[in-house]
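Working through the structure, step by step
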Amino acid sequence: MQLKEFKHQPVLAKESPDALVTQPDGVYIDGTFGRGGHSRLILEKLSSKGRLIAFDRDPQAVEAAREIADERFSIIHAPFAQMKEELAKIGVERVDGVFLDIGVSSPQIDDPERGFSFRFDGPLDMRMDTSSGQTAAEWIAKADVGEMTRVFKEYGEEKFATKAARAIAAARDAKPIETTKQLADIIAQALPRNKKDLGQHPATRIFQAIRIQVNQELTQLREALEAAGSLLNPEGVLAVISFHSLEDRIVKRFFEAAHNPASKLDPRLPLLPEQMPAPLFERPKRVLPSKEECEENPRTRSSVLRFAVRTEAPWPEGGV
Ligand SMILES: C[S@@+](CC[C@H](N)C(=O)[O-])C[C@H]1O[C@@H](n2cnc3c(N)ncnc32)[C@H](O)[C@@H]1O
């Protein structure tokens, strides 16, 4: 595979490894290798006994990981939601930290061939894992108006979801929608310009929604948080960087529920204090990038790091 020269600058580059690595001899997971910005920083914090196992579902990212010649490091080509099963295959049952830097990487967005961006014309693909699954073009060709509307509303928070879905359905009857430009033009013609978002292309929200749908990003995130919780040793850290409110909400609610599992119980239940479920995570924290980092790397502006420390309480079978 020919690797193209696209760079990815890690965000919250000091804060995330500092929060994550508390035991330099420990076993750590980077669920989103990308181009290894964070992986390299995590390795710097580990001792010679430490170990870092990275995941990425993108074959190009996995190929890029070959550049890291460090015997403490290995990479697995799999979705991070499957980390528990994948780690079991190599005999790893417990870890000391799990890091996720959710979303797409700059190399994915900036390569027209990947079809993530309406800024370039390219095939309408949008799969992070180019070796499997349905492309955006395939999804658009088959989804009915109801399904498209739901996806645009839920994952794009698009006000004109129905209008966009109808326009796409009408256009594809005339000609299959196969490129990013075709799709962006259909949306731009169909949707009124939102006065508040004049700086934003009208297709922004729809592209985001289709990407989340094609890659099942929110399901992946929910499952990965559960998997991480069940894998972490006491005092182990789960640290997650997200870039938009949909993801951040999932992470925030997960940590809230795991920090205070009693909040999910019916308050009318006659439970004694010692019968209350114990916290699964403690010391939840939220970190935003500094003004300096935002100026230096504009991509960092919407990022949020949340992390918390696993307690000794056993992970519940049904999850959080
Ligand atoms: C924002 S980038 C990570 C960048 C990385 N931290 C760095 O510094 O280079 C996100 C990466 O995670 C990968 N990814 C996203 N969702 C994934 C999932 N569910 N399973 C595995 N990898 C995923 C993407 O393919 C992408 O390479």
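Residues numbered from 1 in each chain as written. Predicted model: local features only at pLDDT ≥ 70, side-chain atom pairs only at ≥ 80, totals over all residues. Heavy atoms only, no water.

What to know about the packing of aromatic side chains
Our working rule: Pairing of aromatic side chains requires ring centres within 6.5 Å, counting the rings of Phe and Tyr and the six-membered ring of Trp. Pairs whose planes differ by under 30 degrees are stacked, by over 60 edge-to-face, and all others tilted. A run of DSSP states H or I qualifies as a helix once it reaches four residues; a run of E qualifies as a strand once it reaches two. Both are numbered from the N-terminal end. The rule is simple: take the accessible area with a 1.4 Å probe, protein chains only, and divide by the maximum for that residue type; under 20% is buried, over 50% is exposed, in between is partly exposed.
Counting across every chain of the model gives eight aromatic pairs. Ring geometry for Trp139 versus Phe152: centroids 6.4 Å apart, planes at 70 degrees, classification edge-to-face. With Trp139 in helix 6 (residues 136-142) and Phe152 in helix 7 (residues 145-156), the pair connects residues that are 13 residues apart, well separated along the chain. Accessibility expressed as a relative area gives 4% for Trp139, which makes it buried. Since its relative accessible area comes to 0%, Phe152 is described here as buried. Both rings, one in Phe255 and one in Phe281, keep their centres 5.4 Å apart while their planes meet at 75 degrees; by these two values the pair is edge-to-face. Of this pair, Phe255 sits in helix 12 (residues 245-259) while Phe281 sits in strand 6 (residues 281-287), and the two are 26 residues apart along the sequence.

Some words on the domain arrangement of the protein
Just so we agree on the cut-off: Where a domain begins and ends is set by an automatic assignment or by a domain database. Working rule for contacts: check all heavy atoms of both residues, and any pair within 4.5 Å makes them a contact. A 1.4 Å probe defines the accessible area here, and the buried area is the portion of it lost by two parts on being joined, summed over both. In what follows, salt bridge is the name for a side-chain nitrogen of Lys or Arg lying within 4 Å of a carboxyl oxygen of Asp or Glu. Here a polar contact is taken to be a pair of N or O atoms separated by no more than 3.5 Å, where protein atoms must pair a possible hydrogen donor with a possible acceptor and residues adjacent in sequence count only if both atoms sit in side chains.
As assigned here, the protein comprises domain 1 (15-107 + 217-310) and domain 2 (113-215). A C-alpha centroid distance of 29 Å is found between domain 1 and domain 2. Residue-level contacts link 15 residues of domain 1 with 13 residues of domain 2. In total, about 1200 Å² of surface goes out of reach between domain 1 and domain 2, with carbon and sulfur atoms giving 52% of it. Considering only the surface of domain 1 that becomes buried against domain 2, Arg57, Val104 and Glu217 emerge as the three largest contributors, covering 44% of it. If you look at where domain 1 meets domain 2, you find three salt bridges. Across the pair Glu217 and Arg211 runs a salt bridge, and its minimum N-O distance is 2.8 Å. Linking domain 1 with domain 2 are five residue pairs in polar contact (both at pLDDT 80 or more). For the side of domain 1 that touches domain 2, the secondary structure elements donating two or more residues are helix 3 (59-65), helix 11 (217-231) and helix 12.

Details of empty space enclosed by the protein
Rule in force here: Using a 1 Å grid laid over the protein atoms alone, points where a 1.4 Å probe fits but cannot get out form a cavity; open sets with protein on both sides within 12 Å along at least 5 of 7 lines form a pocket; any residue with an atom within 4 Å of a point counts as lining. Grid points are joined across faces, edges and corners, and a volume is the space filled by probe spheres set on the points. Ten residues, namely Ala, Val, Leu, Ile, Met, Phe, Trp, Tyr, Cys and Pro, are considered nonpolar, four, namely Asp, Glu, Lys and Arg, are considered charged, and the remaining ones, Gly among them, are considered polar.
Per the counting criterion, the structure on display carries one cavity of 30 Å³ or more. Size it by volume and the largest cavity reaches roughly 350 Å³. The wall of the largest cavity is formed by 27 residues, among which Thr32, Asp56, Asp101, Ile102 and Gly103 lie closest to the centre. Every element with two or more residues in the lining of the largest cavity is listed here: helix 2 (37-45) and helix 11. Of all the elements, helix 11 adds the most residues to the lining of the largest cavity, at three residues. Per-class residue counts for the lining of the largest cavity are nine nonpolar, twelve polar and six charged.

Here we look at the layout of surface pockets
When its volume is computed, the largest pocket comes out at roughly 800 Å³. Along its surface, the largest pocket is lined by 24 residues, and Val104, Ile109, Thr204, Gln208 and Arg211 are the ones closest to its centre. Breaking the lining of the largest pocket down by element, the ones donating at least two residues are helix 10 (204-215) and helix 12. The leading source of residues in the lining of the largest pocket is helix 10, at five residues. Along the lines of polarity and charge, the residues of the lining of the largest pocket split into eight nonpolar, nine polar and seven charged. No fewer than three residues from each of domain 1 (15-107 + 217-310) and domain 2 (113-215) sit in the lining of the largest pocket.

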